[in-house]
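Take a look at the letters that make up each chain.
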Amino acid sequence: MPEWIEAFLRSISLLIIIFVIAKFIGKRQLSQLTAFEFMIGIIIAVIAAELTLGGVSFVSGFVGLSVWFLIPFLITWLALKSKAIHDFVRGKGTVFIKDGKIMEDNLKKESFTSDDLLQRLRSKNIFQAADVEFAVLEPDGEINVLPKRENQPITPKDVAATVAPIKEPQTVIMDGDIMKEPLATAGLSVNWLHTELEKQGVTIENVYLGQVDNFGQLTLDLFDDKLQVPSPQEKPALLATLKKCQADMEMFALSTENQEAKQMYTKNSQKLQTAIDKMEPLLKS
């Protein structure tokens, strides 16, 4: 067999094998691998290169490749079953700051200087160690930080504010094509989509990406970046309609002389105003 054909067949075979190995390893990013896992990856790559170029026999290389894959895979499987093995293989987090106090001994244990710590904190937008309640060095080398309570951003929950729930937007247009399945998932039709496009004066061919949120608002990104698309108006329009209805009821209550009708309009106006007060934060978000 010609040498180039053998190299080609070896490469195809190894490509399939390495792909299968990568699928078994999982989806962890390179920065999340331990030093041991990173070393195994390098050795597997070296063996694959030797096999491709014919540096070793295919059988011997395949045996070596299997050993370097199966044993670490077995260790990883055991680590999933036992916390002790998991901690031994992947390591445990090291606390660098606890209750606002820097743990100097732990820094020395992990070969970290104070400058290293401050640099990592700055990457988390924290410029004073005194602002940190808790910080831990994870086994993958990442530092996770919990700021002190007074230094944490205010959330709607902190101020008892009501916000609209967020659901996954549905992509209904992609590269000028209508995506019927996401459109149906959103409970909308193709006719509705064409109507919304007509309102905004846009043709389907000009739309690069179109998405619908859980309020039924359609947002568009066009191929021509110079064209401006108006912002969705469904929520502002609904709020304006509710306020108009409430104002109409108040006017009807003032204009009628029938006491029973006046009471009915006043009562319903107050109910609608209560509903508006609850919905306004959601419709303005």
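Residues numbered from 1 in each chain as written. Predicted model: local features only at pLDDT ≥ 70, side-chain atom pairs only at ≥ 80, totals over all residues. Heavy atoms only, no water.

As its UniProt record puts it under Sequence similarities (unreviewed entry), the protein chain is described as follows: "Belongs to the UPF0702 family." For the protein chain, the Subcellular location (unreviewed entry) comment in UniProt is given as "Cell membrane". (UniProt positions renumbered as here; feature names shortened; annotations may be inferred.)

Moving on, we come to the pairing of strand E5 (residues 170-174). When you tally the buried positions in E5, you get 4 out of 5 residues, the bulk of the element. As paired strands, E5 and strand E7 (residues 207-212) are joined by 4 bridges and run antiparallel to one another. Considered in E7, the bridge of Ile173 is made with Gly210. Note that E5 and strand E6 (residues 177-178) share 2 bridges and pair antiparallel. Each bridged residue has a counterpart across the sheet, and for Met174 the counterpart in E6 is Asp177. Between E5 and E6, which pair antiparallel one after the other, the connecting turn spans 2 residues, and Asp175 there sits at a positive phi close to 55 degrees. (Buried < 20%, exposed > 50% of the residue type's maximum accessible area, 1.4 Å probe, protein only. Helix = DSSP H or I, 4+ residues; strand = E, 2+ residues; numbered from the N terminus. Pairing = 2+ DSSP bridges.)

This part covers the sheet that holds strand E4 (residues 143-147). The 4 strands are arranged E2-E1-E3-E4 in an open sheet whose pairing can be described as antiparallel. Two strands bound the open sheet, and with one partner strand each, they are strand E2 (101-102) and E4. Here 2 bridges tie strand E1 (residues 94-98) to E2, and the two strands are oriented antiparallel to one another. From the neighbouring strand, Lys98 faces E2, where its bridge partner is Lys101.

Turning next to the pattern of salt bridges. A full pass over the atoms with the stated rule returns 6 salt bridges. Note that Glu104 is salt-bridged to Lys101, the shortest N-O span being 3.6 Å. When its relative accessible area of 39% is taken as the criterion, Glu104 is described as partly exposed. The exposure class assigned to Lys101 is partly exposed, which follows from its relative accessible area of 49%. Of the charged contacts, one joins Lys244 and Asp248 as a salt bridge, the two residues approaching to 3.1 Å between their closest N and O atoms. Within this pair, Lys244 and its partner Asp248 are both found in helix H9 (residues 234-255), separated by 4 residues, close to a single helical turn. Among the residues examined, Asp248 registers a relative accessible area of 24% and is labelled partly exposed. (Salt bridge = Lys/Arg side-chain N within 4 Å of Asp/Glu carboxyl O.)

Turning next to the side chain of Thr171. Its place among the elements puts Thr171 in strand E5. A distance of 3.2 Å separates the side chain of Thr171 from the side chain of Gln211, its partner in a polar contact. Sequence-distant contacts of Thr171, defined by excluding residues within four places in its chain, comprise Met179, Pro182, Leu209, Gly210 and Gln211. (Polar contact = N/O pair within 3.5 Å; in protein donor to acceptor, adjacent residues only side chain to side chain. Contact = heavy atoms within 4.5 Å.)

Our focus in this paragraph is the environment of Met103. For Met103, the location among the structural elements is in the loop between E2 and helix H5 (104-109). Along the primary structure Met103 and Ala135 are separated by 32 residues, whereas in three dimensions their C-alpha atoms are 9.9 Å apart.

Moving on, we come to the packing of helix H3 (residues 58-81) against helix H4 (residues 83-90). Where H3 meets H4, the closest approach of the two axes is 6 Å, and the angle between their N-to-C directions is 130 degrees. It follows from the interaxial angle that H3 and H4 lie oblique. The interaxial crossing formed by H3 with H4 has left-handed handedness. For the pair H3 and H4, contact is made by Ile75, Leu78, Ala79 and Lys81 and by Lys83, Ile85, His86 and Val89, respectively. Looking at the contact of H3 with H4 residue by residue, the classes come out as 5 nonpolar, 1 polar and 2 charged. (Axes fitted to C-alpha atoms, helices over the stretch in contact; angles between N-to-C directions. Parallel < 35°, antiparallel > 145°, perpendicular 65-115°, else oblique. Left-handed = near helix turned anticlockwise from the far one by under 90°. Nonpolar A, V, L, I, M, F, W, Y, C, P; charged D, E, K, R; others polar.)

Time to look at the nonpolar core. Residues Val172, Ile173, Leu193, Leu197, Val207, Leu218 and Leu220 are the most contacted members of the largest nonpolar core, which totals 13 residues. Secondary-structure elements contributing two or more residues to this core are E5, helix H8 (190-199), E7 and strand E8 (218-222). Here Ile173 is in contact with Met179, Leu193, Leu197, Ile204, Val207, Tyr208, Leu209, Gly210 and Leu220, once residues within four sequence places are set aside. Of all hydrophobic cores here, the second largest spans 12 residues; its members include Leu107, Val132, Leu137 and Ile143. (Core = buried A, V, L, I, M, F, W, Y, C linked by side-chain atoms within 4.5 Å.)

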